[in-house]
Amino acid sequence: MAKRFLETLYRSYGQSFLIDEVLFENRTDHQHLIIFENSQFGRIMALDGVVQTTQKDEFVYHEMLTHVPLFAHGHAKRVLIIGGGDGGILREVLRHPQIEHVTMVEIDSAVIDMCVKYFPDHSAGAFEDPRVNLVIADGVDFVVNNQEKFDVIISDSTDPEGPGEVLFTSRFYLGCKNALTDGGVLATQNGVCYMQPDELLTTYNRFENIFADRWFFAAAVPTYVGGVMTLAWGTDNSELRHLPQDIIAQRYQEAGFTTRYYNPAIHVAAFALPQYVVNTL
Ligand code: AG3
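In short, a report on the structure.

Definitions and limits used
Residues numbered from 1 in each chain as written. Predicted model: local features only at pLDDT ≥ 70, side-chain atom pairs only at ≥ 80, totals over all residues. Heavy atoms only, no water. Core = buried A, V, L, I, M, F, W, Y, C linked by side-chain atoms within 4.5 Å. Buried < 20%, exposed > 50% of the residue type's maximum accessible area, 1.4 Å probe, protein only. Helix = DSSP H or I, 4+ residues; strand = E, 2+ residues; numbered from the N terminus. Near = heavy atom within 4 Å. Polar contact = N/O pair within 3.5 Å; in protein donor to acceptor, adjacent residues only side chain to side chain. Areas by Shrake-Rupley, 256 points an atom, 1.4 Å probe, with all protein chains shown as cover. 1 Å grid on protein atoms, 1.4 Å probe; cavity = no way out; pocket = protein on both sides within 12 Å on 5 of 7 lines; lining within 4 Å. Sits in = over half its atoms within 2 Å of the grid points. Nonpolar A, V, L, I, M, F, W, Y, C, P; charged D, E, K, R; others polar. Contact = heavy atoms within 4.5 Å. Points joined across faces, edges and corners; volume = space filled by probe spheres on them.

1. A few points about the nonpolar core
- By size, the foremost hydrophobic cluster in this structure holds 75 residues, and its most contacted members are Leu 90, Val 93, Ile 153, Phe 217 and Trp 233.
- Sort the elements by how many residues they give to this core and helix H1 (residues 58-73) lands first, with nine residues.
- Core analysis: the second largest hydrophobic core is formed by 10 residues, Met 45, Met 114, Cys 115 and Tyr 118 among them.

2. Regarding the site of the ligand
- Taken together, the neighbourhood of the ligand is formed by 15 residues, with His 62, Asp 86, Asp 156, Ser 157 and Asp 159 sitting nearest.
- One of the side-chain nitrogen or oxygen atoms of His 62 is found 2.7 Å away from a nitrogen atom of the ligand.
- Ser 157 has a polar backbone atom sitting 2.9 Å from a nitrogen atom of the ligand.
- Contact with the protein chains hides 98% of the accessible area of the ligand, taken as 400 Å² for the molecule alone.
- Judged by the fraction of its atoms near the pocket grid, the ligand is located in the largest cavity.
- Secondary-structure elements contributing two or more residues to the shell around the ligand are strand S6 (50-54) and H1.
- Counted by class, the shell around the ligand contains seven nonpolar, five polar and three charged residues.

3. A few points about the environment of Phe 17
- Checked against the element boundaries, Phe 17 lands in strand S2 (residues 16-18).
- Residue Phe 17 is classed as buried on the basis of its relative accessible area of 4%.
- Along the backbone, Phe 17 and His 267 are 250 residues apart, and their C-alpha atoms lie at a distance of 31 Å.
- Setting aside anything within four residues of it in sequence, one finds Phe 17 in contact with Lys 3, Arg 4, Phe 5, Phe 36, Asn 38, Phe 41, Ile 44, Val 51 and Thr 223.

4. Notes on empty space enclosed by the protein
- Applying the stated criterion across every chain yields a total of two cavities of 30 Å³ or more.
- Here the largest cavity defines a volume of roughly 470 Å³.
- Lining the largest cavity are 40 residues, and of these Leu 47, Gln 52, Asp 156, Ser 157 and Thr 158 lie nearest its centre.
- For the lining of the largest cavity, the secondary-structure elements that each account for two or more residues are strand S5 (42-47), S6, H1, strand S7 (78-83), strand S8 (101-106) and helix H5 (139-145).
- Considering every element that reaches the lining of the largest cavity, the biggest residue donor is S6, with three residues.
- Its residues assigned to classes, the lining of the largest cavity shows 20 nonpolar, 14 polar and six charged.
- If you add up the space inside the second largest cavity, you get close to 30 Å³.
- What lines the second largest cavity is Gln 52, Thr 53, Thr 54, Asp 57, Glu 58, Tyr 61, His 62, Val 221, Thr 223 and Tyr 224.
- Counting residues per element, the ones that place at least two in the lining of the second largest cavity are S6 and H1.
- Grouping the amino acids of the lining of the second largest cavity by side-chain chemistry returns three nonpolar, five polar and two charged.

Structure follows, in structure tokens:
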């Protein structure tokens, strides 16, 4: 029988993919890594049994987690990425012409190496960009000890189990806050709200007393199954989330690049959350 990959994120439910070919499978120093080929989504990368990225739908997540905070901020020059080993966020950040510096902190160099090899379009040469400082380290240690400031911090992590767990702690969020310039924005991967409601509430509670404005913005990523993914938003500048669409549209036009999921209308709409979510916050 044909081999399938069954995602093990949830105990009683999970998506499964037909594996056309396993391209790489190994235990890295930090987690189990598999890269395989599937006819619907192209190449797929999973860590510890959970789908992280696919060739076909990666644009949704990488565009939204990058362009919503960057266009809302409006003049970010320095960006910090935590995680993001496949390079998709880095690629999108570097498309913003005003970006002068990006530090990316990834704990698992094997993820970077294997994604450069098997997902070359994710990073699209971004690791060679002179604006990039790549650090192989624990993201929490980095933000807690670092002395530099960043205008936007993007946490592109796994779910809060295994190596990604520390990236959902108050210690991490506080470290990020201290590493942000005044009015800077933190945006984080925060799970699929219908499937992972605890994650939503825990992050919301942990952002209290750290950020004056805490909220989420939604993105519908086909392979993060179970409804929309809710990306967390924290900043002391409460205006950024409410900027009118024409201001975002002007910034988007000035940046001069095109996108496939993100646009100014989606940007504004992404902050509208379903009522069952609003009720839990
Ligand atoms: N990191 C987010 C994966 C989340 C999967 N979780 C889930 N389906 N609830 C992806 C890394 C892409 N650069």
